Amino acid sequence: MKKALVALSVSLMPLLAHAEAQPWDALRPVSNFAEEINEPVKWIVFLLALSIFVVSLLAYSRSKSKRMLLVSLAFFLFSLKWLIQVLDLFISPGNFLSEASENIFELGIMLSLFGALFYRKSWNRIFEKEPKD
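Residues numbered from 1 in each chain as written. Predicted model: local features only at pLDDT ≥ 70, side-chain atom pairs only at ≥ 80, totals over all residues. Heavy atoms only, no water.

Topic: a nonpolar patch on the surface
Thought 1: On the surface, Trp43, Leu47, Leu83, Leu87, Phe90, Ile91 and Phe96 cluster together into a nonpolar patch covering about 700 Å² of accessible area.
Thought 2: Contributions of two or more residues to the nonpolar patch are made by helix H2 (38-63) and helix H3 (66-91).
Thought 3: Tracing the backbone shows tryptophan 43 in helix H2. (Patch = residues over 30% accessible without salt bridge, like charges linked within 9 Å, V, L, I, M, F, W, Y side chains within 5 Å. Areas by Shrake-Rupley, 256 points an atom, 1.4 Å probe, with all protein chains shown as cover. Salt bridge = Lys/Arg side-chain N within 4 Å of Asp/Glu carboxyl O. Helix = DSSP H or I, 4+ residues; strand = E, 2+ residues; numbered from the N terminus.)

Brief notes about the pattern of salt bridges
Thought 1: Using the criterion set out here, one finds two salt bridges in the structure.
Thought 2: In this structure, glutamate 102 and lysine 81 form a salt bridge, with 3.8 Å as the shortest nitrogen-oxygen distance. Highlighted residues: glutamate 102 in helix H4 (residues 99-117) and lysine 81 in helix H3, separated in sequence by 21 residues.
Thought 3: Notably, a salt bridge pairs glutamate 106 with lysine 81, separated by 2.8 Å at the nearest N-O pair. Of this pair, glutamate 106 sits in helix H4 while lysine 81 sits in helix H3, and the two are 25 residues apart along the sequence.

Description of unusual backbone geometry
Thought 1: Despite not being glycine, lysine 64 shows a phi value in the positive range, around 55°.
Thought 2: With respect to the secondary-structure elements, lysine 64 resides in the loop between H2 and H3.
Thought 3: We classify lysine 64 as exposed; its relative accessible area is 52%. (Buried < 20%, exposed > 50% of the residue type's maximum accessible area, 1.4 Å probe, protein only.)

Notes on H2
Thought 1: Its 26 residues place the ends of H2 37 Å apart at the C-alpha level, agreeing with the 38 Å of an ideal helix rising 1.5 Å per residue.
Thought 2: Along H2, the positions that sit buried rather than exposed are Lys42, Phe46, Ala49, Phe53, Ser56 and Tyr60.
Thought 3: Two residues or fewer after H2 comes lysine 64, characterised by a positive phi angle close to 55°. (Expected span 1.5 Å × (residues − 1).)

That is the geometry; function is a separate question.
This is the structure:
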């Protein structure tokens, strides 16, 4: 019985070692492919963000909705973040925009979208100008 358990454990050890490394190895080709197309993807995301910002700004100019203004602000921050990332390709490859700076942009984007999602007409007092005497 002991011999059978030892033989089984010895024969399963390479499988366990291979199974442990397998999930990481399976992700390597995807990660390598993502690295290869990183630069074009940055340009595409920037151009999409910029075009959505322009469309949302045009929608705001027609509707004058405070919600659309907040959505426009979110897409402005999003396109600004990606503009900086595209410029980073030429300035200092990958080192210009830190993760902490990226988090600040994303916080602003999330707050703008959150505000647009839960905006109520009763909040107009916040956005209105002070009445003149």
